[in-house]
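A closer look at the structure
Each chain, letter by letter, is given below.
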Amino acid sequence: MKKLLNLFLLSLTLCPLVACDDDHGYVNPELEVTANNVAGVWKLTRMSGVPLAEGSFVYIELIRKDCRFRMYDNLNSFDVYRTGGTFAIETDPARGAIIRGIYDNSMGQEWAHRYVVTGLTGERMVWTATDDAEDVSVYERSTLPGEFTEAD
């Protein structure tokens, strides 16, 4: 009986050590692509498989309420280019969730592409253009730099 009790106490001691494994094997679960789950600030980290050039950035803030977006980038200028508009998420039975947007400009111009959203987790998502499978953008959860929020 004493051996059984010692074995029991040993297992109680070792169990917490085994259970607290350092995130090995942890899988960040994919989320359903909804306005609620994509809401927040995202930073573009890769475009067509390539990291952005040093000093270049694109931030997109997706706002759940009213499905609005704000975008900040410096890809085509030395200064920060700000734009905004609305976005929508629709489901295509064959491709899955597709995000599209319309800019708040006088012409109501649509985004250049519609994007299939895959791999959405709390920290990352991938957008692939519906009309160009090579146009793949990887976004990671972020925060807006202070100078962007001060100007809004």
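Model, not experiment: these values are computed from the prediction.

In this section: the layout of surface pockets. Computed from the structure, the largest pocket encloses a volume of approximately 560 Å³. Taken together, 23 residues form the lining of the largest pocket, with Val58, Met71, Leu75, Tyr103 and Tyr115 sitting closest to its centre. Breaking the lining of the largest pocket down by element, the ones donating at least two residues are strand 1 (40-47), strand 3 (58-63), strand 4 (68-73), strand 5 (81-92) and strand 9 (132-141). With three residues, the top contributor of residues to the lining of the largest pocket is strand 9.

Considering all chains together, one arrives at seven aromatic pairs under this definition. For the pair Phe69 and Tyr103, a centre-to-centre distance of 5.8 Å together with 75° between the ring planes defines the contact as edge-to-face. Note that Phe69 is positioned in strand 4 and Tyr103 in strand 6 (residues 96-103), a separation of 34 residues in sequence. Centroid distance Phe69 to Trp111: 5.3 Å. Interplanar angle 75°. Geometry classified as edge-to-face. Linking Phe69 in strand 4 with Trp111 in the loop between strand 6 and strand 7 (115-118), this pair joins segments that are 42 residues apart in sequence. Assessed through its relative accessible area of 2%, Phe69 is described here as buried. Taking the relative accessible area as the measure of exposure, Trp111 reaches 8% and is therefore buried.

Conventions and cut-offs
Residues numbered from 1 in each chain as written. Predicted model: local features only at pLDDT ≥ 70, side-chain atom pairs only at ≥ 80, totals over all residues. Heavy atoms only, no water. 1 Å grid on protein atoms, 1.4 Å probe; cavity = no way out; pocket = protein on both sides within 12 Å on 5 of 7 lines; lining within 4 Å. Points joined across faces, edges and corners; volume = space filled by probe spheres on them. Helix = DSSP H or I, 4+ residues; strand = E, 2+ residues; numbered from the N terminus. Phe/Tyr/Trp six-rings, centres within 6.5 Å; stacked < 30°, edge-to-face > 60°. Buried < 20%, exposed > 50% of the residue type's maximum accessible area, 1.4 Å probe, protein only.

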